Amino acid sequence: MMECAPCKWLKEKRESRQLVLVVVCVALLLDNMLFTVVVPIIPSFLYEKELKNASVTTTELHSPISAYNSSVLFNASLHDSPTNSSNKCEKKKHTLHSENVQVGLLFASKAIVQLLVNPLVGLITNRFGFDAPLFAGFVILFLSTLMFAFSGSYALLFVARSIQGIGSSFSSVAGLGLLASVYMDDFERGQAMGIALTGLAVGVLAGAPFGSVMYEFVGRSSPFLVLAALALLDGALQLCILRPSKFSPTTAAPTPYHELLRDPYILVAAACLWIANMAVGMLEPTLPIWMMETMCSPDWQLGIAFLPASVAYLICTNLFGILSHKMGRWLCSMLGMIVVGGGLLCVPLARNIYGLIGPNAAIGIALGMVDSSIMPIMGYLVDLRHTSVYGGIYAICDTALCLGFAVGPSLAGVIASNIGFSWLMVIIGIINILFSPLCILLRNPPAKEEKVAILTQECAMQTKTYMTQTNGPDLILSDHSDDEYNSTVSRKKGTSH
């Protein structure tokens, strides 16, 4: 009996590294769409809830006629005419200023939970492989998305955001570790990481504008319901390509966390990710509030303001995934941190949404340079100085990102409330610029003594490859037959000793 064409195609593609890259890319896209879609929604939602609570209090204290008037005033406050917009902005300022800490904590909760879960997920992937944790991440993110759609209080939103952190940990660590184990050539790995980060960038790009427009014209639950439907499609794709029911334990003993964290080169690379992304983590909860205070921006503009940064990040993750290998990933990271600092210093100079285009685009370009360089550097450092098992190193990598998005919003709300948004941008901008010279340490990291004999050329970051790769068949990830391929690579290393 002849096999149907779609089944034959699926069987062939199931054994392809490229389709695995698509699965990881889609998983990161949905994770980051959910991550950013709430950025423009939460400040406006909390403000409207505050107004509604004030209206209810007034209703309880007055007669039915006064209650009707209070309801009319509440609706008018949400839909003021242009002539009253300046008065509306003045009335908003006190409420919005007090929201900084509340919004910052809500945004940070996801990163804090993810930070705590990452080491556990790294151990799980080292023990059981990447397929099952990646699928678990989809399930948890789907549940979190539904909870966002139907939550009507700050407490439930906080819980939903925290649950999202668990799902993000599984998706990010398992996805990046899977790519590092499949793409073993340094140049190919950099390209694959750049494409995967494109999915992340598209999620960041689409999330905030999509959330603000849907919230303004359709309703608060609508963006989350659309994301839940997309998450179901992602789960179906994972079931077709991967086999979450099968475990694939690694053959080599992974390097312990404490040993990885004692490596100064890994610490420098992780700190680059932390500090650069902390800048964006500080910008996300405070910029919409600052825009509402100083520019009287409508709801749809709060997400559109992040569009230049997202577009620039989308382009640069692909571009510098290739260019950083040629120009030196250490140099690309250093220049990226300097540009992040300069962009942050220029943000408070904007007087309208158009003035934010240049600084935000510069921040997006710079963050794309840093992320697309550091991600492959992490895998390279493990191959060069430790055991080539990637669950632990990408758990550390994701932890660095989470530190940025946990410490960033938490401190941003407090700093912006006490000394102002402008000083917040100056402080984090200068920190990025001052740290950037440490990237020089990543220029030519030395190999561990036991690795020296394995490598056949000088271990510089500009090397074309760091590991022998055969032209054998594609890895069959569904049956995890890559164990045989890895043992072949190990035997080749042994003969070169």
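Residues numbered from 1 in each chain as written. Predicted model: local features only at pLDDT ≥ 70, side-chain atom pairs only at ≥ 80, totals over all residues. Heavy atoms only, no water.

As recorded in an unreviewed UniProt entry, the chain goes by Chromaffin granule amine transporter and comes from Xenopus tropicalis.

With respect to empty space enclosed by the protein
Stated formally: Cavities and pockets were defined on a 1 Å grid built from protein atoms only: a cavity is a group of points that admits a 1.4 Å probe but offers it no way out, a pocket is an open group of points flanked by protein on both sides within 12 Å along at least five of seven lines, and a lining residue is one with an atom within 4 Å of any such point. Grid points are joined across faces, edges and corners, and a volume is the space filled by probe spheres set on the points. Only runs of H or I of at least four residues qualify as helices and only runs of E of at least two qualify as strands under DSSP, and these elements are numbered from the N terminus. Residues were grouped as follows: Ala, Val, Leu, Ile, Met, Phe, Trp, Tyr, Cys and Pro as nonpolar; Asp, Glu, Lys and Arg as charged; and all remaining residues, including Gly, as polar.
Throughout the structure, instances matching the rule amount to 3 cavities of 30 Å³ or more. In terms of residues, the lining of the second largest cavity owes the most to one element, helix α6 (residues 131–150), which gives 6 residues. Partitioning the lining of the second largest cavity into residue classes produces 9 nonpolar, 4 polar and 2 charged.

Quick look at the pattern of salt bridges
Rules: Any carboxyl oxygen of Asp or Glu that lies within 4 Å of a side-chain nitrogen of Lys or Arg is treated as forming a salt bridge with it. A simple rule labels every residue: compare its accessible area, found with a 1.4 Å probe on the protein chains alone, to the largest value its type can have, and call it buried under 20%, exposed over 50%, or partly exposed in between.
Under the counting rule described, the total for this entry stands at 2 salt bridges. With its nearest N and O atoms 2.9 Å apart, the salt bridge here joins R189 to D383. Residue R189 is located in helix α8 (residues 186–217), and its partner D383 is located in helix α15 (residues 357–385); the two are separated by 194 residues in the primary sequence. A relative accessible area of 1% means that R189 is categorised as buried. Residue classification places D383 among the buried residues on the basis of a relative accessible area of 6%. D263 serves as the salt-bridge partner of R385, at 2.7 Å between the closest nitrogen and oxygen. Within this pair, whereas R385 is found in helix α15, its partner D263 is found in the loop between α10 (257–261) and α11 (264–294), the two being separated by 122 residues in sequence. Each of the two residues, R385 as well as D263, counts as buried.

Observations concerning the nonpolar core
Basically, it comes down to this: Each nonpolar core is a collection of buried residues, namely Ala, Val, Leu, Ile, Met, Phe, Trp, Tyr and Cys, held together in the definition by side-chain atoms within 4.5 Å. By definition, residues are in contact when any of their heavy atoms lie within 4.5 Å.
With 112 residues, the main nonpolar core has L287, M291, L356, I374, M378 and Y394 as its most contacted residues. By residue number, the principal contributor to this core is α11, which donates 20 residues. Once residues lying within four places of it in the same chain are set aside, the contact partners of L287 are F306, V347, L356, N360 and F421.

So, α6
For an α-helix, 3.6 residues make a turn, and residues three or four places apart therefore share a direction. We apply this condition: A helix is expected to reach a length of 1.5 Å times the quantity of its residues less one.
Taking 1.5 Å of rise per residue, 20 residues should cover 28 Å, and α6 covers 30 Å from first to last C-alpha, within 8% of that figure. Counting buried positions over the 20 residues of α6 gives 14, a clear majority of the element.

Section: a nonpolar patch on the surface
Keep this limit in mind: Note on patches: the residues involved have over 30% relative accessible area and no salt bridge, like charges join within 9 Å, and the nonpolar side chains Val, Leu, Ile, Met, Phe, Trp and Tyr join within 5 Å. Working definition of accessibility: Shrake-Rupley area with a 1.4 Å probe, residue cover restricted to the visible protein chains.
A surface patch of nonpolar side chains, amounting to about 850 Å² of accessible area, comprises V311, I315, L319, L323, M327, L335, I338, L345, I430, I433 and L434. Counting residues per element, the ones that place at least two in the nonpolar patch are α13 (307–327), α14 (329–346) and α17 (421–435). Looking at the nonpolar patch, the element that brings in the most residues is α13, giving 5 residues. Structurally, I315 is set in helix α13. For I315, a relative accessible area of 51% puts it in the exposed group.

Some details on the environment of L283
Along the chain, the position of L283 falls in helix α11. A residue is classified by how much of its surface remains accessible, and L283, at 4% relative accessible area, is buried. For the pair formed by L283 and L424, sequence separation is 141 residues and the distance between their alpha carbons is 9.1 Å. Excluding anything up to four places from it in sequence, L283 contacts P288, F306, V347, N360, I363, F421 and M425.

Points about the packing of aromatic side chains
To keep it simple, the criterion reads: Any two of the Phe, Tyr and Trp rings considered here, Trp counted by its six-membered ring, make a pair once their centres fall within 6.5 Å; the pair's planes then place it as stacked at under 30 degrees, edge-to-face at over 60, or tilted in between.
Inspection of the entire model under this criterion finds 4 aromatic pairs. Ring centres 6.4 Å apart and planes at 35° place the aromatic pair F138 and F142 in the tilted group. A residue pair is termed a helical-turn pair when its members lie 3 or 4 positions apart in one helix, as F138 and F142 do in helix α6 at 4 residues. A single burial state applies to F138 and to F142, both of which are buried. Aromatic pair W290 and F421: ring centres 4.8 Å apart, planes at 20°, arrangement stacked. Taken together, the residues W290 in helix α11 and F421 in helix α17 connect sequence positions 131 residues apart. By relative accessible area, F421 is classed as buried at 7%. One aromatic cluster is present, formed by F135, F138 and F142 through successive ring pairs.

Considerations on the environment of A160
Within the secondary structure, A160 sits in helix α7 (residues 154–182). With a relative accessible area of 0%, A160 lands in the buried category. A160 sits 15 residues away from T145 along the chain, and the two C-alpha atoms are 7.6 Å apart.

Considering the packing of α6 against helix α9 (residues 222–241)
What counts is decided by this rule: Interaxial angles span 0 to 180 degrees and are taken between N-to-C directions of axes, which are lines fitted to C-alpha atoms, for helices over the stretch in contact. Each angle is binned into one of four classes, with values under 35 degrees roughly parallel, values over 145 roughly antiparallel, values of 65 to 115 roughly perpendicular, and all other values oblique. We call a crossing left-handed when the near helix sits turned anticlockwise from the far one by less than a right angle, and right-handed when that turn is clockwise.
Contact geometry for α6 and α9: axes closest at 9 Å, N-to-C directions at 165°. In terms of axis orientation, α6 runs roughly antiparallel to α9. Note that α6 runs across α9; the crossing there is left-handed. Residues L134, F135, F138, F142, T145, L146, F148, A149 and F150 of α6 form the contact with α9, whose participating residues are F224, L225, L227, A228, A231, L232, D234, G235, Q238 and L239. Split into classes, the residues belonging to the contact of α6 with α9 amount to 15 nonpolar, 3 polar and 1 charged.

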